[in-house]
Amino acid sequence: MTTPIPPVSLDPENWEDFRASAHAMLEAALDRLEGAGQGRVWTPLPEDQKTAFQAPLPRTGHGNDAVQDQITALLPHGVGNTHPRFFGWVHGAGTPSNMIAEIAAAAMNANLGGRDHGAIYVERQVVDWCREMFGFPETASGLVVSGTSIATVIALKAARDRALGFATRTAGLNGARLVGYTSDQTHSCVARAFDILGLGSDALRKIPTDAEFRIDLAALRAAIARDQAAGLTPFALIGTAGAVNVGSIDDLDTMADIARDTGMWFHVDGAFGATAMLSTTRRPLLRGLERADSLAFDFHKWMQVNYDAGFVLIRSEEDHRSAFSERPDYLVATSRGLSAANPWPTEYGPELSRGFRALKIWAQIAEHGTEKLGRVVDQNCAQAAYLGDKARASTATELMAPVALNICCFRALRAGLTEAQLDSLNTEIVLRLQESGIAAPSTTKLYGKTAIRVNITNHRTRMEDIDILFEAVARLADEVARDLAV
Ligand SMILES: *Cc1c(COP(=O)(O)O)cnc(C)c1O
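Residues numbered from 1 in each chain as written. Predicted model: local features only at pLDDT ≥ 70, side-chain atom pairs only at ≥ 80, totals over all residues. Heavy atoms only, no water.

Side note on helix H6 (residues 148–163)
No. 1: Spanning 16 residues, H6 covers 22 Å between terminal C-alpha atoms, matching the ideal 22 Å at 1.5 Å per step.
No. 2: The buried fraction of H6 is high, at 12 of 16 residues.
No. 3: Immediately downstream of H6, the backbone of glycine 165 shows phi near 70°, a positive value. (Helix = DSSP H or I, 4+ residues; strand = E, 2+ residues; numbered from the N terminus. Expected span 1.5 Å × (residues − 1). Buried < 20%, exposed > 50% of the residue type's maximum accessible area, 1.4 Å probe, protein only.)

Now the structure itself:
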């Protein structure tokens, strides 16, 4: 006789207790979001909590209560992007409703690699909506991904494979000398994609930009001609709709012409800037975007979907699927049963198992509608312009670049300081802003000078927040200038 093995389950032993603890966590999370505008922007994780996350691997679990306590204590220690005065890099602020969509998605625990189940139809709806949002044809395809970085890899893989007749999927590059073009303001993910795709980041030509930080079209044409004369194969042109440094937007329409005339794939990085398509006032800036062969953008930035959520949209479904589709015996398509609902998302990207990001994206658009999301864009652009006006009007500050969209780069000035001291002054101001919890801008370099970079992709930001930031910069500039003089 064998002794019976007691059953193991990871479900709660007592659902009543579990419900109570789950409700408590929901309340703590709601408190966090209802009070998003209060308190410090960035609150670093206290040392004792850092230590608590250096524990040995637990052989025996600590139980639900202990885990919930540790999670609750973690809640205030984000980067600060839920706060109205988070202005660093490009972060979206998220929404409370999205948190609820995430709970529902977790309850379904769906795998969106493929198969015939409810979640697949939600993602298809998102793909349809993206086509419509960006004026792409019915024949376009798309995939929800984690962010613009991977979306760029997927788009440029399709571009690379189309250029080489898709034989490259089995034969490799075979000595092909593909080159691509983008501006010197482009995000580093583009060069990284060239690296990942085996093209080498040197094969990406960084073309200089004009006074408004847009790609210099004459320099672009000259670079293409030079490469053609040298026997290289120009295959991809990458435009930016909203560059990281200053938010500039390339002349996408002319770039689409150049790509067409030279047989190149035209890709647009619209990580945050593509969202301006939802704004009636800013949409004209994106003219030509609808002609792209592919577009990479994020929902988690200006569309305020909770992290993470990005998208790749590709004009030719056939090119897209030809670059990724692979259906081994254990994943074969059927017209009935669970293996129906073809084609599957896994045929459009490198991943097989995929979570249900589409639900929070769908919920955000369905709840708020594109007009309201577009008004957030308008509001942030107006705030950036307002800050730009303040920086231009004051003799104690200098506007460092035209405000193209939602980013304002400026710096504090103090008489008698060298350029190197001004760099130190502005770097220190930003550090003190972050450390004091007042606001969280970042820094960047423009013309070799350190600028305070204020990016506003935040539906919670109000004009008063801009005033608080500007006043704090003035006060800290005095304080830091005094310290530097010592
Ligand atoms: C944020 C950003 C990226 C990278 O997107 P991830 O979602 O972080 O991968 C690429 N390009 C631009 C212009 C960006 O702002």
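Further notes follow.
Description of the site of the ligand
No. 1: Contacts to the ligand come from 13 residues, most closely from Thr148, Ser149, Asp269, Asp298 and Lys301.
No. 2: Separating an oxygen atom of the ligand from a backbone N or O atom of threonine 148 is a distance of 3.0 Å.
No. 3: In this structure, a nitrogen atom belonging to the ligand sits 2.7 Å away from a side-chain N or O atom of aspartate 269.
No. 4: For the ligand, whose free accessible area comes to 380 Å², the fraction covered by protein is 85%.
No. 5: Split into classes, the residues belonging to the shell around the ligand amount to four nonpolar, six polar and three charged. (Near = heavy atom within 4 Å. Polar contact = N/O pair within 3.5 Å; in protein donor to acceptor, adjacent residues only side chain to side chain. Areas by Shrake-Rupley, 256 points an atom, 1.4 Å probe, with all protein chains shown as cover. Nonpolar A, V, L, I, M, F, W, Y, C, P; charged D, E, K, R; others polar.)

A short note on the domain arrangement of the chain
No. 1: Per the domain assignment, the segments making up the chain are domain 1 (21–52 + 64–94 + 370–486) and domain 2 (111–355).
No. 2: Contacts between domain 1 and domain 2 engage 30 residues on the former and 27 residues on the latter.
No. 3: Summing both sides of the interface, domain 1 and domain 2 together bury roughly 2200 Å²; the carbon and sulfur share of this comes to 65%.
No. 4: Looking only at domain 1, the three residues that lose the most surface to domain 2 are Val90, Val377 and Leu405, adding up to 25% of its buried area.
No. 5: Our count for the contact surface shared by domain 1 and domain 2 stands at one salt bridge.
No. 6: The salt bridge involving arginine 282 is made with aspartate 378; its shortest N-O contact spans 4.0 Å.
No. 7: Connecting domain 1 to domain 2 are 10 residue pairs in polar contact (both at pLDDT 80 or more).
No. 8: Among the elements of the structure, helix H12 (357–393), strand E9 (407–412) and strand E10 (442–446) are those that each provide at least two residues to the side of domain 1 that touches domain 2.
No. 9: By residue number, the principal contributor to the side of domain 1 that touches domain 2 is H12, which donates eight residues.
No. 10: When the residues that make up the side of domain 1 that touches domain 2 are grouped by side-chain class, the tally is 15 nonpolar, 12 polar and three charged. (Domains from an automatic or database assignment. Contact = heavy atoms within 4.5 Å. Buried area = accessible area lost by both parts, 1.4 Å probe. Salt bridge = Lys/Arg side-chain N within 4 Å of Asp/Glu carboxyl O.)

Topic: the pattern of salt bridges
No. 1: Applying the stated rule across the entire model yields 31 salt bridges.
No. 2: When the shortest N-O distance is used, the salt bridge between glutamate 347 and arginine 327 registers 2.7 Å. Of this pair, glutamate 347 sits in the loop between helix H11 (317–324) and H12 while arginine 327 is found in the loop between H11 and H12, placing the two residues 20 residues apart along the sequence.
No. 3: Taking relative accessible area as the criterion, glutamate 347 reaches 7% and is therefore assigned buried.
No. 4: A residue is classified by how much of its surface remains accessible, and arginine 327, at 22% relative accessible area, is partly exposed.
No. 5: A salt bridge links aspartate 478 to arginine 414; the nearest nitrogen and oxygen atoms lie 2.8 Å apart. Within this pair, whereas aspartate 478 is found in helix H14 (residues 463–485), its partner arginine 414 is found in the loop between E9 and helix H13 (419–436), the two being separated by 64 residues in sequence.
No. 6: Given a relative accessible area of 38%, aspartate 478 falls into the partly exposed group.
No. 7: Through salt bridges with shared partners, one network takes in Asp253, Asp257, Arg260, Asp261, Arg287 and Arg291.

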